[in-house]
Structures are given as structure tokens and as C-alpha cells.
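Residues per chain, in single letters:
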Amino acid sequence: MTVPLALEPWHAGWRLLLRGDWSLAAMPQIEAQLEGFPQALRGPVLCDWSQTQTPGIGPSWALLRRLRDVGVPSDAISHSGGPPHFVELLQTLRSDPRAVGGERAPRPTLPGIIGDIGRWSVLQGRYARGVVEFLGRIATVVGQAFRRPRAWRISSLARHVYETGITAIPIVALIAFLISVIVAYIGAQQLSRFGADIFVVDLVTIAVLREMGVLLTAIIVAGRSGSAFAAEIGVMQLNEETDALRAMGMNPIELLVVPRVLALIIVLPLLTVIADAMGLAGGGLLSLIDLNIPLPQFTYRLRESLGPTTFWSGLIKAPVFAALIAMVGTYRGMQVRDSARELGRLTTVAVVQSIFMVILADALFAVLFEKIGF
Amino acid sequence: MLDRSVDPVIRVQGLCNRFGSQVVHDHLDMEVRQNEIFGVVGGSGTGKSVLLRSILGLRHPDAGTVELYGRDVQSLAAADRSTLVQSYGVTFQNGALISSLTVAQNVQLPLREHYSLSENTLDELAQLNLALVGLEQGAGAKFPSQLSGGMIKRAALARALALEPQLLFLDEPTAGLDPISAAAFDELLLYLHGELRLTVVMITHDLDTLFATCSRVGVIVDKHMISDTLDGLLENPHPWIHSYFHGPRARAAEKEIHG
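Residues numbered from 1 in each chain as written. Chains lettered and ligands numbered in written order. Predicted model: local features only at pLDDT ≥ 70, side-chain atom pairs only at ≥ 80, totals over all residues.

Q: Is there a simple way to explain the overall build of chain A in this structure?
A: A count of helical and extended segments in chain A gives 13 helices and four strands. The C-alpha atoms of chain A give 35 Å as radius of gyration, which overshoots the globular expectation for 374 residues (21 Å, by more than 25%). When the backbone C-alpha atoms are referred to their principal axes, chain A occupies close to 110 × 60 × 45 Å. Across the 374 residues that make up chain A, the buried fraction comes to 34%. Nonlocal contacts in chain A, meaning residues at least 24 apart in sequence, comprise 84% of its contacts between residues at least 6 apart. (Helix = DSSP H or I, 4+ residues; strand = E, 2+ residues; numbered from the N terminus. Rg over C-alpha atoms; globule rule 2.2 N^0.38 Å. Buried ≥ 20, exposed ≤ 12 C-beta atoms within 10 Å, placed from the backbone. Contact = placed C-beta atoms within 7 Å.)

Q: So what exactly am I meant to see when it comes to the interface of chain B and chain A here?
A: Note: interface size is frequently given as the accessible area lost on complex formation between the parts. At the junction of the two partners, chain B supplies 28 residues and chain A supplies 28 residues. Secondary-structure elements contributing two or more residues to the side of chain B that touches chain A are helix H4 (119–132) and helix H6 (179–196) of chain B. Among the elements that take part in the side of chain B that touches chain A, H4(B) stands out by supplying nine residues, more than any other. Split into classes, the residues belonging to the side of chain B that touches chain A amount to twelve nonpolar, eleven polar and five charged. (Nonpolar A, V, L, I, M, F, W, Y, C, P; charged D, E, K, R; others polar.)

Q: Mind showing me how you'd approach the sheet that holds strand E9 (residues 216–221) of chain B here?
A: As a general point, the strands of a sheet are linked pairwise by backbone hydrogen bonds and lie either parallel or antiparallel. Residues and elements named next belong to chain B. Within the open sheet, the six strands sit side by side as E6-E7-E8-E3-E9-E10. Their pairing is mixed. Where the open sheet ends on each side, the last strands, each with one partner, are strand E6 (88–91) and strand E10 (224–228). Between one strand and the next, the sheet's axes are offset by a mean angle of 15°, whatever the strand orientation. Across four bridges, the pairing between strand E3 (residues 37–42) and strand E8 (residues 199–203) is parallel. The residue bridging Val40 from the neighbouring strand is Ile203, located in E8. Sheet contacts for helix H5 (residues 149–161): E6 and strand E7 (167–171); angle to E6, the most-contacted strand, approximately 160°. (Pairing = 2+ DSSP bridges. Axes fitted to C-alpha atoms, helices over the stretch in contact; angles between N-to-C directions.)

Q: In this structure, what is going on with the packing of helix H7 (residues 199–238) of chain A against helix H12 (residues 317–335) of chain A? I would like to understand it.
A: Helix-helix packing is described using two parameters, namely the angle between the two axes and the distance between the axes. Residue and element names in this part refer to chain A. It is at 7 Å that the axes of H7 and H12 come closest, and there the two elements cross at 25°. In terms of orientation, H7 and H12 fall into the roughly parallel class. Seen along the crossing, H7 lies across H12 with a hand that is right-handed. Contacts between H7 and H12 pair Val214, Ala218, Val221, Ala222, Ser225, Gly226, Phe229, Ala230, Glu232, Ile233, Gly234 and Gln237 from the former with Lys317, Ala318, Phe321, Ile325, Ala326, Val328, Gly329, Thr330, Arg332, Gly333 and Met334 from the latter. Tallied by class, the residues present in the contact of H7 with H12 amount to 13 nonpolar, seven polar and three charged. (Parallel < 35°, antiparallel > 145°, perpendicular 65-115°, else oblique. Left-handed = near helix turned anticlockwise from the far one by under 90°.)

Q: When you look at the nonpolar core in this model, what are you seeing that I'm missing?
A: It is characteristic of soluble globular proteins that their nonpolar side chains tend to be buried jointly. In this structure, B:Ile10, B:Leu130, B:Ala155, B:Ala158, B:Val200, B:Val201 and B:Met202 are the most contacted members of the largest nonpolar core, which totals 91 residues. Top element by residues in this core is H5(B). It accounts for eight residues. In this structure B:Val201 touches B:Ile10, B:Val32, B:Phe38, B:Val40 and B:Phe169, once residues within four positions along its chain are discounted. By size, the runner-up hydrophobic cluster in this structure holds 60 residues, among which are A:Ala184, A:Val261, A:Leu262 and A:Phe298. (Core = buried A, V, L, I, M, F, W, Y, C linked by C-beta atoms within 7 Å.)

Q: Any chance you could explain the pairing of E8(B) here in plain terms?
A: Residues and elements named next belong to chain B. For E8, a buried count of five out of five residues is recorded, marking the element as mostly surrounded by other parts of the structure. Alternating residues of E8 divide into Thr199, Val201 and Ile203 and Val200 and Met202, and every residue in both groups is buried. Examined bridge by bridge, E7 and E8 share five bridges and lie parallel to one another. Its bridge partner being in E8, Leu170 is matched across the sheet by Met202. Handedness of the β-α-β unit built from E7, H6 and E8 comes out right-handed. (Right-handed = clockwise from strand over helix to strand, strands pointing away.)

Q: Hey, could you run me through unusual backbone geometry in this one?
A: For residues other than glycine, phi is negative in most cases, and the peptide bonds are mostly trans. Of note, the phi angle at B:His27 is positive, near 50°, even though the residue is not glycine. Its location among the elements puts B:His27 in strand E2 (residues 22–32).

Q: I keep staring at H12(A) and nothing clicks. Help me out?
A: For an α-helix the count is 3.6 residues per turn, leaving residues at separations of three or four pointing the same way. Between its terminal C-alpha atoms H12(A) stretches 27 Å, which fits the 27 Å expected from 19 residues at 1.5 Å a residue. Judged by how many residues are buried, H12(A) sits mostly within the fold: 15 of 19 residues are covered. (Expected span 1.5 Å × (residues − 1).)

Q: I tried to follow the environment of A:Gly284 on my own but got confused; where do I start?
A: Residues and elements named next belong to chain A. Structurally, Gly284 is set in helix H9 (residues 252–291). Sequence separation between Gly284 and Gln189 is 95 residues; the distance between their C-alpha atoms is 15 Å. Discounting residues that sit within four places of it in the chain, Gly284 has contacts with Leu295 and Phe298.

Q: Hey, could you run me through H9(A) in this one?
A: Residue and element names in this part refer to chain A. Helix length check: H9 (40 residues) gives 55 Å between terminal C-alpha atoms against 58 Å at 1.5 Å per residue, within 8%. Of all the bends in H9, the largest measures some 30° and sits at Val258, one to four residues before the proline Pro259. Just downstream of H9 lies Asn292, where phi reads positive at about 55°. (Bend = angle between axes of the 7 residues up to and from the residue.)

Here it is in C-alpha cells:
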């Protein structure tokens, strides 16, 4: 392999013999050779290009830069042997290392860390204020809507009811059915050891109606619709559509957020009822096949185990979960700024946070119901 | 290896593009020669961008051939495609800078993909390309969302130049710029065209740009292309071409150029 450059004394100065491939592809070798240059050069330099092939802009630039760095003024550089046509341009070009902004992240220091914690705290405070502000805006729009019926945006509401509700029925039904079959099956395995097979019915009924029906539905809806809300509104933010709405005197909260929140509050209880029904059906089917409990006996036992509040204590949680999911999703969507990466990040945050909120709220409900004996 | 001295650089023959029953191009022919700035104009919906996408191989045309440097774009093996892609640079209408990378990282992106270069070299090449397009210091560290429209166009040009192509495709490079920025962009383009001996294909609606920079212009009318020098097109009797080049805006632009 030919060495890309050789430096030799010539008259009062130096002659640089450039050889072989000087295209971008040879840049690493050329850079390595330039590194080995003397720290200072005196006298004029003649660059001989006659033995180069396809000289590229980048390598030529690196050469001229290096010559300047070792103290050769540009008027002391001359060229021979058919230099590339852009050499003259490169010699006059000024560049600034700051243009790239190559500073690396500074080492962490103690005051720096304390400062970071402080900044983080202030930021969290601001986020909290943002959330309260967002809730306030929603409340204002809903409050005004009672005096101005047009603000309910019925057609938009209907679209979201369809998209978040009707189209979610198959997946919600299927998952509720399968999970309750699994619960009944595991319950049957344990209970049959004590000859208490019939209590599988109690297990399924209470587990599905009180907890699983609504929780599963909420988690599925958070994954499906919470992410969709964040992504839809986020893209609108990136396209400046929300700004356009504001500029036309429309309120994005009224147009985009409230219909989604209301739609989910309407839809989630209905989906929960479907999930409850499918869950009970799953339990009934497994009892019939695995435990030989005939359907009339199953339904009789089901009614026996049903307390007055069993069904309602599950259902009453649905609108609360719905509001949490919808508000987290739309809020994160409204936060999207600037880049596609932000959109992805906030969509993820929306789903994770809404599922977390749902489970947290469920835990609080459990404590509350226990205290008031609901 | 690609022979970059082939003339004409681009040869499109019998190109047909259809969307369902809507015919956009019907046996369109086009030739771009070495070292010229070729403008593509046409009314909205005449398929300027579709033509560009066909030339770049982003869209498979319904009929016809597209040759870049004498190679048929559609029948290339993957390895040849990669060398062909490195021989041209493209800027898209809205810049199409990757929004999660800084401007400098955007410029370095194709270099990272096609060459194994050290970080220092990459930084140096980013500086070079940003300096070439006249982006002031500090712009490289910014994200695309922090740039003005004119800076986005320049940054996109810097990225297109990163692989040192001899062929540039520009889609509406001056759209959305104020007249001063647009004129500065024209100047930059002429300067780079002269210094780097580029062949440029430019889709534009900007009559000032057209008169200031283009050596030849192709007009898409009636699903075909009529290519000629600007002087030739000014004489052309076709009604659309006549009204395009003799409308009130065209006359003003022409007056400015020809005094």
C-alpha cells in the first residue's frame, strides 16, 4: 500500500508528495499521516498532486488545515501537478471549531450535583403546577359547556366513543375470558385438594366483578387509547395544528382534550360490563368442563356468592380509571415539542404513567372500600 | 466503480407514472448534462416530486427507464445501489433533517454510515461542510427545531454535500424563504456549483431563482417535459409556458436579471 504523503526538503522549503487514493474513503490513513507531521514547518511548501487519484474535498481540507496548524501561512503554500479545482476555495474558507459544539459533558462535582438536584426539584414543582393548570382548564371548559351546549362537540365525542370503545370490544372480551379461565383453572387445582371445588365459583365471581374485570379493561384501554391520545395530539403539536386552532380562536382543550376524556369516561364502564360478563362466562365454561359443575348449579352458586355491592364496587372504579387514563394521555400529548424523539418518549410516558395511576387508584379504592365496608 | 464523467448524467426515457386511473407522466423524456443547473418547473400536481422520486429510485415507475451515470436505476444490485447513492446528494422540501440529532450530527450521519472515520475527523468534516454552506458558528450544536427556515435549507444542503457528490437534487430549495435569504441561497448555489463543479437538478417555483441560476429548464406540461434554455422557453408558444414566463411575476424577475 502506498503511503499517502511524503515530505522532503526542496529548495528553501519543502515539497509534499501526495500519492495514491486521496478520496474520503482513505481519510483515516491520511489523518494518521498528518498526525505524524513535524510540529513546526519553516519556509514555503509545494504540494505535488500529480500522483493522486480522485482527491476529495475532506482530505484536501484536512491537509490544508494541518499545514495552517503547523505554522505555514496560506500564501506560502503552492500547488503543482494538477491540484483539484476546489483547493483555492478551501484555502479561503474560514471555519470555527465552535461551529460543531463539540464540548463534552463536564465531570460531576459536588456543587454541580447539588445544583442538579435543585434544578430537578424546581422542575418537578413546575410540572406539578402544569398538571394542576391542565385540570383547571378542563374543568373550565366543562363548566362553560353547561351554558354553551355547542362546546360539548358531540360529533367528535361520538368518534372517540367509537374508536376507543366499540373497536376495543373484541380484544377486551377475549382477554377477560382467557384470564378468568386461567384464574378458575388454578383455583380449581388448589380447591379440589380440599374437596371445595364449588368455591371456584365464588372465587371467579368475586375476583372478576370486584377487581379483574375493571382492572384488565383499564390496562388494555391505557395501552390502546392512552398511547393513541398522546401520539395524535403530539403530532398535532409538531405540525403546529394546535397553534393554528388557538390562532383561529378555538380552544384545543375543548376540541381535543375534553371529547377524549368524556368519551373514555362513557366507554370504560360499558367495556367493564362486557369484560365482567365474558369473565363469568369463562369461569362457567371451565367449571363445566374441568369440575363437572352444570350451568344451573353454577348460576345458583354465583347468585349465592354475590354480595349487594360486589358488581358495583368494580364498576364504580371504571369512570375514575377512565379519567386518569385520558387525562394522562392527552396531557403528555400536549407536552410534545420539537422532535420525533419527544413524541416517542412522551407516548411511552403516557402509557406507563396511566397504568401506574390506575393501579395506584385501585389500591386506594381497596383501602377505602375496606374502611367503609362497601 | 462509478464513472462520474458520463454525459448526460441523467437520462430519463419514456417514463410513465400512474396513480390508479390518473396519469401523471406519459412517456416523459429528460436529459441532464454535466455541470449544468437544470430547473424543473410545472403547475401543481404535474408530478415534479414524483419525477424526482422516480429518478432517485424511491418510486418504481410504471414504464420507462431512468439512468444515472449510464446505470439503470431500477435494475441495480444492492452493492451498486449503495455506490450510486453516494454519488448524489438530495435536499427535501422541508429539509428532512433528523429532528433528534443536532445539525452537526445530521451532517455526519451519511459519513458515519458509509465510512469508518474517527470522531475528530467527523467533527472536522462537519465544520468543513457547515463552512461551505455559510452556516455561522454555533449552528452545528443546535437542533433542527431551533433553526430558522433559511438555516434549515442550508443545513440540509450541508448534509447533502457531506459525501462529496457531484450531482445534487434540490426540491424547492428556496420555498418559504424571504427574498433576501432566497437570493443568498441562489448565490450560495452558484458559488458551490462553480467551485465544486456540481451538476444540479432543482425543482423550483421561484422565478427569481430560476432566472438567476438555471442554465436549462424543463417544463412539465401535458404529462411530457419540454426542456430548453430560458431564452428558448421565453419564445415558446405553448399557452401554459407562455403564461408562466410572461405573467406579471415572471416579467419582474426577468427585468431584475436582464436589467
